[in-house]
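Working through the structure, step by step
Chain by chain, the residues run as shown.
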Amino acid sequence: MFRALTMAVMLFVNDLWRVKDVPKWMEHADWAEDFMGLADFVFPCFLFAVGLSIPYAIENRFLKGRSVESTLSHILSRSIALLLMGVFLVNSEGGFAEGSFFTANNYRPICIAAFFMIWNVYPKSWDGKWFKMSLQVAGLLILTIVAFNFVSAKGTMFAAKWWGILGIIGWAYLFSAIAYLLCRQSRYGIYIVWSILFIINVFVSPFNDTWGGKPIVPLQDNFLGTFLHDTLHIDNASHHLLVMSGVCFTVLMSRLNEKGSSIQLKAGLVIAVVMAAMSLITNVFWIFNKLSATLPWVFMAVAASAALYTIFAKFHTTRAMRGFFTIIKPAGTATLTVYMVPSLMYVLGNVLGIECPEWSKGAGIGLINCLCFSLLCIVVGGLMERCKLKLKV
């Protein structure tokens, strides 16, 4: 439910670029702006959801008799898949060279088709069959051809300019999943990992202008910066901290499970209040800002995530909650598939020449259009899932 709601809101805010006069509280903060709008909550909440699922997923593998080596291999394969998808999608952001085969209308559909060929959830009866392997090999071949023939509008070749949203998730998931795998026998070890990430963030994040605007430990042109950025891909550790916060939350709630749902509800809400307080305290030294991935932004997102998840956990059996979830369920069960749908919908609109009239782009009707678009994408994702087209890495 939590993942579905997060993805549904992500689709909504990602479509706001088509709307004029969007209310400020819905938008992203600009660079160096001390602000946190609705759009700034979505990605960190999703990272928190990634962390929530890690202990369940790993423990479930061990319950099925899977080995540590098998689980580590699974973690690595998932991470590589996310990194590859992220890099291929992000290369389309710079446009395409004039005269190139690739255009805004064919690049992403080709890449997404290859993603499905490689990482689709095929029927179990297909395991080991030549046609499944042929599709996967063909998908890899398509991505290879795309990579070697891509030229951006600036004349640059295919490269990991930045890892994209999926790539950021991939690096944070890789670190956090391995950390949990190593520390799963000791919850204190998991809390220590969280504390180390917190300390890294405190020391390397630039303060606000009132406190000098510089970090305690600069990362430019030194070994530490190279190690955190190029080796561990941690930077100031904010994204990893969000995922590990989800891991810690699940570990804590699992221990409280035997004490009843009322204790879990109180604990979850207390954590939310404490994180909100930490957000306000750290805002004295750092600004709220998603683009800079600041500590107040992290803590406020964790507070919102903990509160929402706790409420869902308490009331998920009620008729109203189940009815709401039924509408957006594919966003939670086929999340990666639904994430790809808007790219295909935009291309389809361009090819067919479909464009909303100017009068429908105002703040009122425009926001309704965005809401309808997000629901349409979820419905399409659900239909794809029923047709056995579902990305899962």
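Just so we're clear, the structure is a prediction, and the values are computed from it rather than from any experiment.

1. Brief notes about the packing of helix α1 (residues 2-14) against helix α12 (residues 319-328)
Contact geometry of α1 with α12 gives a least axis separation of 10 Å together with a crossing angle of 55°. The angle between the axes of α1 and α12 places the two elements in the oblique class. As for the relative orientation of α1 and α12, their crossing is left-handed in sense. For the pair α1 and α12, contact is made by A4, L5 and A8 and by F324, F325 and I328, respectively. By residue class, the composition of the contact of α1 with α12 is six nonpolar, no polar and no charged.

2. A closer look at the layout of surface pockets
Roughly 1600 Å³ of internal volume is contained in the second largest pocket. Forming the walls of the second largest pocket are 46 residues, and the residues nearest its centre are H74, R78, V121, K392 and V393. Considering each element in turn, the lining of the second largest pocket owes the most residues, ten residues, to helix α2 (residues 38-63). Residues belonging to the lining of the second largest pocket are distributed by class as follows: 26 nonpolar, ten polar and ten charged.

3. A closer look at α12
Where α12 is concerned, the buried positions are M321, F325 and I328. The arc that holds the buried residues of α12, viewed along the axis, is 65°, so those residues lie on one side. Among the exposed residues of α12, those oriented more than 90 degrees off its buried face are R319, A320, R322, T326 and I327. Of the surrounding secondary structure, the elements contacted by the buried residues of α12 are α1, α11 (295-315), α13 (330-333) and α15 (363-386).

4. A closer look at the packing of helix α14 (residues 335-352) against α15
Two measures define how a pair of helices packs: the angle their axes make with one another and the distance between the axes. Contact geometry of α14 with α15 gives a least axis separation of 9 Å together with a crossing angle of 115°. As summarised for this structure, α14 and α15 are arranged roughly perpendicular, according to the angle between their axes. Between α14 and α15 the crossing geometry is right-handed. Between α14 and α15, the contacting residues are T337, V338, V341, P342, M345 and Y346 on the first element and F373, L376, C377, I378, V380, G381 and M384 on the second. For the contact of α14 with α15, a count of residues per class yields eleven nonpolar, two polar and no charged.

5. Quick notes on the side chain of T71
One can find T71 in helix α3 (residues 68-90). Here T71 falls in the buried class, since its relative accessible area comes to 1%. Within the local environment of T71, its side chain forms a polar contact with the side chain of R61, the two groups lying 3.4 Å apart. Only 2.9 Å separates the side chain of T71 from the backbone oxygen of S67, close enough to count as a polar contact.

6. Details of the side chain of T6
In this fold, T6 is placed in helix α1. Not counting residues within four places of it along the chain, the set of residues in contact with T6 comprises V42, C45 and F46.

7. As for the packing of aromatic side chains
Note on aromatic pairs: each is described by the distance of the centres and the angle between the planes. Counted under the stated rule, the structure contains 27 aromatic pairs. Between F101 and F102, the aromatic rings sit 5.3 Å apart at their centres with planes inclined by 75°, giving edge-to-face as the arrangement. Classification of F101 as exposed rests on a relative accessible area of 62%. Residue F102 is classed as buried on the basis of its relative accessible area of 6%. Centre to centre, the rings of W126 and F131 are 5.1 Å apart; their planes meet at 85°, and the pair counts as edge-to-face. Looking at F131, the relative accessible area reads 30%, which means it is partly exposed. The rings of F88, F96, F101, F102, Y107, F150 and F158 are connected pair by pair, giving a single aromatic cluster.

8. Examining a positive patch on the surface
A cluster of basic side chains, namely R3, K64, R66, K124 and K392, defines a positive patch on the protein surface. For R3, the position within the fold is in helix α1.

9. Quick look at empty space enclosed by the protein
Inspection of every chain in the model, using the stated rule, returns one cavity of 30 Å³ or more. Considering only enclosed or pocket space, the largest cavity measures out at about 40 Å³ in volume. When the residues that make up the lining of the largest cavity are grouped by side-chain class, the tally is three nonpolar, three polar and two charged.

10. Considering a nonpolar patch on the surface
Residues L72, L76, I80 and L84 make up a contiguous nonpolar surface patch of roughly 300 Å² in combined accessible area. Tracing the backbone shows L84 in helix α3. By relative accessible area, which is 32% here, L84 ends up partly exposed.

11. Quick word on the state of the cysteines
Applying the stated criterion across every chain, the model contains zero disulfides. For C356, which is in no disulfide, the shortest distance to another cysteine sulfur is to C370 and amounts to 8.4 Å. According to the relative accessible area criterion, C356 is partly exposed, its value standing at 28%. For C370, a relative accessible area of 0% corresponds to the buried category.

12. Looking at the confidence of the model for the chain
With 100% of its residues at a pLDDT of at least 70, the chain reaches an overall mean of 93. Averaged pLDDT values for the elements of the chain fall to 81 in helix α8 (residues 223-231) and rise to 97 in helix α4 (residues 107-119).

Scoring rules and cut-offs
- Residues numbered from 1 in each chain as written.
- Predicted model: local features only at pLDDT ≥ 70, side-chain atom pairs only at ≥ 80, totals over all residues.
- Heavy atoms only, no water.
- Axes fitted to C-alpha atoms, helices over the stretch in contact; angles between N-to-C directions.
- Helix = DSSP H or I, 4+ residues; strand = E, 2+ residues; numbered from the N terminus.
- Parallel < 35°, antiparallel > 145°, perpendicular 65-115°, else oblique.
- Left-handed = near helix turned anticlockwise from the far one by under 90°.
- Contact = heavy atoms within 4.5 Å.
- Nonpolar A, V, L, I, M, F, W, Y, C, P; charged D, E, K, R; others polar.
- 1 Å grid on protein atoms, 1.4 Å probe; cavity = no way out; pocket = protein on both sides within 12 Å on 5 of 7 lines; lining within 4 Å.
- Points joined across faces, edges and corners; volume = space filled by probe spheres on them.
- Buried < 20%, exposed > 50% of the residue type's maximum accessible area, 1.4 Å probe, protein only.
- Arc of directions from axis to C-beta.
- Polar contact = N/O pair within 3.5 Å; in protein donor to acceptor, adjacent residues only side chain to side chain.
- Phe/Tyr/Trp six-rings, centres within 6.5 Å; stacked < 30°, edge-to-face > 60°.
- Patch = residues over 30% accessible without salt bridge, like charges linked within 9 Å, V, L, I, M, F, W, Y side chains within 5 Å.
- Areas by Shrake-Rupley, 256 points an atom, 1.4 Å probe, with all protein chains shown as cover.
- Salt bridge = Lys/Arg side-chain N within 4 Å of Asp/Glu carboxyl O.
- Lys, Arg positive; Asp, Glu negative; His and termini not counted.
- Charge placed at Lys NZ, Arg CZ, Asp CG, Glu CD.
- Disulfide = S-S within 2.5 Å.
- pLDDT = per-residue confidence, 0-100.

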